[in-house]
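For reference, the chains in residue letters:
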Amino acid sequence: MNEALTQELISKFDLHPAPPAEALHSFKATELVQEEGARTFIACYRPLMKALDDKAAGAYFGSYFSSVALAVQYSISVYSSVPAISLSNLTVHLIPADGYCRIAFSLQDWNIQAAPAEESRESWRNEILAGFYSDTAAPLLCSMSEASGLSLGEIWGQLPTKFNYYIELFTAGLQNSKLLYTLQEDYSYLKDGLPAEVFGLKRNPFLVKVRRIEALADPEQTVQIRNRCCMYYRTEGGSYCYTCPRLKEEERVIRRVEFRKKAASAQG
């Protein structure tokens, strides 16, 4: 089971048991929670992602880090196991590719912890999630907030959109009713059960209302509006995304019309 989990953590969440060979720069998480280390990271990452300011780099870090948080959630729910993730064990990698730069993660010691007996699973889950967010995620995101100048709420705000998207993806068409229940219950605890202080905030950042809008290509489909702006417009050549909460609805309508005209012309 651990081998299957390992492969999924690599393919789905870019979380690796060893540093990726293509990494150009690597930073230990223990360095990034220090002011100097965080500023060094931002200075290195910003030109690689073609950011116009440090805040964009902070937002992108938050978005990529959501993959680590999702890896924890997925492991707990699907495998009843979890990789041992801590600041001392986590390394962050910058990997340039095709004109952009992605952020990947690796663990120095690849240790998968299995859940205890079924009757103790709930308390185990609660302890794992509280420990991960208070001891690893919160210090990292707080440090990145201070180094980038982007508010802590904005950085945490990058996580719920990706979580809601993937939870929807994971549960869509799932035939295993027990697993479906587990996924939903574990996510409900993350949103409703963990106290705000675990995240260093006044409110649990996952406790958000999902807003949906008409899909860009198909009027019969809907997509989620992002919880917070991803700051793509603060990169070279960037703009507001179609699902950006800052985009006015009339602009969204214009984009839908233009996109569908182009699609119809291409098909014709």
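A few points on the structure. (Residues numbered from 1 in each chain as written. Predicted model: local features only at pLDDT ≥ 70, side-chain atom pairs only at ≥ 80, totals over all residues. Heavy atoms only, no water.)

1. A few points about the packing of aromatic side chains
Phase 1 of the analysis: Evaluated as defined, the whole model comprises 20 aromatic pairs.
Phase 2 of the analysis: Aromatic side chains Tyr166 and Phe170 sit 5.8 Å apart centroid to centroid with 35 degrees between the ring planes, which places their arrangement in the tilted category. Of this pair, Tyr166 and Phe170 both sit in helix α7 (residues 158-171), 4 residues apart, which is roughly one turn of that helix.
Phase 3 of the analysis: Under the relative-accessibility criterion, Phe170 is labelled buried at 17%. (Phe/Tyr/Trp six-rings, centres within 6.5 Å; stacked < 30°, edge-to-face > 60°. Helix = DSSP H or I, 4+ residues; strand = E, 2+ residues; numbered from the N terminus. Buried < 20%, exposed > 50% of the residue type's maximum accessible area, 1.4 Å probe, protein only.)

2. A word on the nonpolar core
Phase 1 of the analysis: Judged by nonpolar contacts, the single largest core of 69 residues is most densely connected at Phe41, Tyr45, Phe61, Phe65, Phe132, Tyr133 and Trp156.
Phase 2 of the analysis: With 14 residues, the single largest contributor to this core is helix α4 (residues 54-79).
Phase 3 of the analysis: Apart from residues lying up to four places away in sequence, Trp156 is in contact with Tyr133, Ala137, Ala138, Leu141, Phe199, Leu201 and Pro205. (Core = buried A, V, L, I, M, F, W, Y, C linked by side-chain atoms within 4.5 Å. Contact = heavy atoms within 4.5 Å.)

3. Notes on the sheet that holds strand β2 (residues 25-28)
Phase 1 of the analysis: Read across the open sheet, the 4 strands follow the order β1-β5-β4-β2; overall the sheet is mixed. Of all strands in the sheet, those with a lone pairing partner are β1 (15-16) and β2, marking the two edges.
Phase 2 of the analysis: Each of β1, β4 (90-97) and β5 (100-107) is contacted by α4, which is oriented at about 35 degrees to β5, the strand it contacts most. (Pairing = 2+ DSSP bridges. Axes fitted to C-alpha atoms, helices over the stretch in contact; angles between N-to-C directions.)

4. Describing helix α3 (residues 35-48)
An α-helical turn contains 3.6 residues, so a residue and the one three or four places further along point in the same direction.
Phase 1 of the analysis: Spanning 14 residues, α3 covers 20 Å between terminal C-alpha atoms, matching the ideal 20 Å at 1.5 Å per step.
Phase 2 of the analysis: Turning to α3, its buried residues are Gly37, Ala38, Phe41, Ile42, Cys44 and Tyr45.
Phase 3 of the analysis: Buried residues in α3 make contact with β2, α2 (29-32), α4, β4, β5 and α5 (121-148). (Expected span 1.5 Å × (residues − 1).)

5. What to know about the packing of α4 against helix α8 (residues 177-193)
Phase 1 of the analysis: At their nearest, the axes of α4 and α8 sit 9 Å apart, and the two run at 140 degrees to each other. Relative to α8, α4 is oriented so that their crossing is right-handed. Across the interface between the two elements, Gln73, Ile76, Ser77 and Val78 from α4 touch Leu179, Thr182, Leu183, Asp186, Tyr187 and Leu190 from α8.
Phase 2 of the analysis: Its residues placed into classes, the contact of α4 with α8 shows 6 nonpolar, 3 polar and 1 charged. (Left-handed = near helix turned anticlockwise from the far one by under 90°. Nonpolar A, V, L, I, M, F, W, Y, C, P; charged D, E, K, R; others polar.)

6. Looking at the pairing of β4
Phase 1 of the analysis: With 6 of 8 residues buried, β4 lies mostly within the body of the structure.
Phase 2 of the analysis: One ladder, built from 4 bridges, connects β2 with β4; its direction is antiparallel. The partner of His25 across the bridge, within β4, is Leu94.
Phase 3 of the analysis: Bridging between β4 and β5 involves 8 bridges; their strand directions are antiparallel. For Ile95, the partnering residue across the bridge sits in β5 and is Arg102.
Phase 4 of the analysis: If you look at the hairpin formed by β4 and β5, you'll find 2 residues sitting between the two strands, and Asp98 has a positive phi there, around 55 degrees.

7. Some remarks on the environment of Leu183
Phase 1 of the analysis: Inspection of the secondary structure assignment puts Leu183 in helix α8.
Phase 2 of the analysis: By relative accessible area, Leu183 is classed as buried at 4%.
Phase 3 of the analysis: Residues Leu183 and Thr6 lie 177 residues apart in sequence; the distance between their C-alpha atoms is 19 Å.

8. Let's talk about helix α1 (residues 2-13)
Phase 1 of the analysis: An ideal rise of 1.5 Å per residue puts 16 Å on 12 residues; α1 measures up with 15 Å between its terminal C-alpha atoms.
Phase 2 of the analysis: Buried residues of α1: Leu5, Thr6, Glu8, Leu9 and Phe13, and no others. Angular distribution of buried residues about the axis of α1 spans 165 degrees; they occupy a single face of the element. In α1, the exposed residues that point more than 90 degrees away from the buried face are Glu3 and Ser11. (Arc of directions from axis to C-beta.)

9. A few points about the pattern of salt bridges
Phase 1 of the analysis: By the definition in use, this model includes 15 salt bridges.
Phase 2 of the analysis: Linking Glu8 and Lys12 is a salt bridge whose minimum nitrogen-to-oxygen distance equals 2.3 Å. Residue Glu8 and its partner Lys12 are both found in helix α1; the two are separated by 4 residues, about one turn of the helix.
Phase 3 of the analysis: The salt bridge involving Asp14 is made with Arg102; its shortest N-O contact spans 2.6 Å. In this pair, Asp14 sits in the loop between α1 and β1 while Arg102 sits in strand β5, placing the two residues 88 residues apart along the sequence.
Phase 4 of the analysis: The structure contains a network of salt bridges with shared partners spanning Glu214, Glu249, Arg252, Arg256 and Arg260. (Salt bridge = Lys/Arg side-chain N within 4 Å of Asp/Glu carboxyl O.)

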